[in-house]
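The primary structure of each chain is shown beneath.
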Amino acid sequence: EYTAYTGSMGKTLCAMSWEGHQLYGRGAVCTSSQGHPPPKYIPLEQYVDQRGDAGDIIARIEAYDPEKEFVLVFEAAGVTGA
């Protein structure tokens, strides 16, 4: 599901991430295989508040290079990961 979704939505997700980073700083695009809720950019601070103990995901947000990468938090079949 992840590969199909990112293949069809990759450019949109990348643009959303870049715009979000420019406006809010570090963060991640969050979405699901169903597209519900629709993808949105969540700044790191909000992500920590909303997701609590998501240490691995937060570490990815803190480590990515926004000039070359973005973080996608993806939910499918009840499992969430980055």
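Note that the structure is predicted; figures quoted are calculated from it, not measured. (Residues numbered from 1 in each chain as written. Predicted model: local features only at pLDDT ≥ 70, side-chain atom pairs only at ≥ 80, totals over all residues. Heavy atoms only, no water.)

Q: Before we move on, could you go through the pairing of strand β1 (residues 27–32) and cite the residues and values that matter?
A: Across the 6 residues that make up β1, a large majority, 6, are buried. In this sheet, strand β2 (residues 40–43) lies alongside β1 in antiparallel orientation, the contact comprising 4 bridges. Paired with Gly 27 across the bridge in β2 is Pro 43. Pairing of β1 with strand β3 (residues 72–76) involves 4 bridges; the strand directions are parallel. Bridging across to β3, Thr 31 finds its partner in Phe 74. (Buried < 20%, exposed > 50% of the residue type's maximum accessible area, 1.4 Å probe, protein only. Helix = DSSP H or I, 4+ residues; strand = E, 2+ residues; numbered from the N terminus. Pairing = 2+ DSSP bridges.)

Q: I'd like a rundown of the nonpolar core, residues and numbers included.
A: Core analysis: the biggest nonpolar cluster contains 19 residues, and Tyr 47, Ile 57, Ile 61, Val 71 and Val 73 have the highest contact counts within it. Looking at this core, the elements that each hand over two or more residues are α1 (2–24), β1, β2, α2 (44–51), α3 (55–63) and β3. Element by element, the count of residues in this core is highest for β3, at 4 residues. (Core = buried A, V, L, I, M, F, W, Y, C linked by side-chain atoms within 4.5 Å.)

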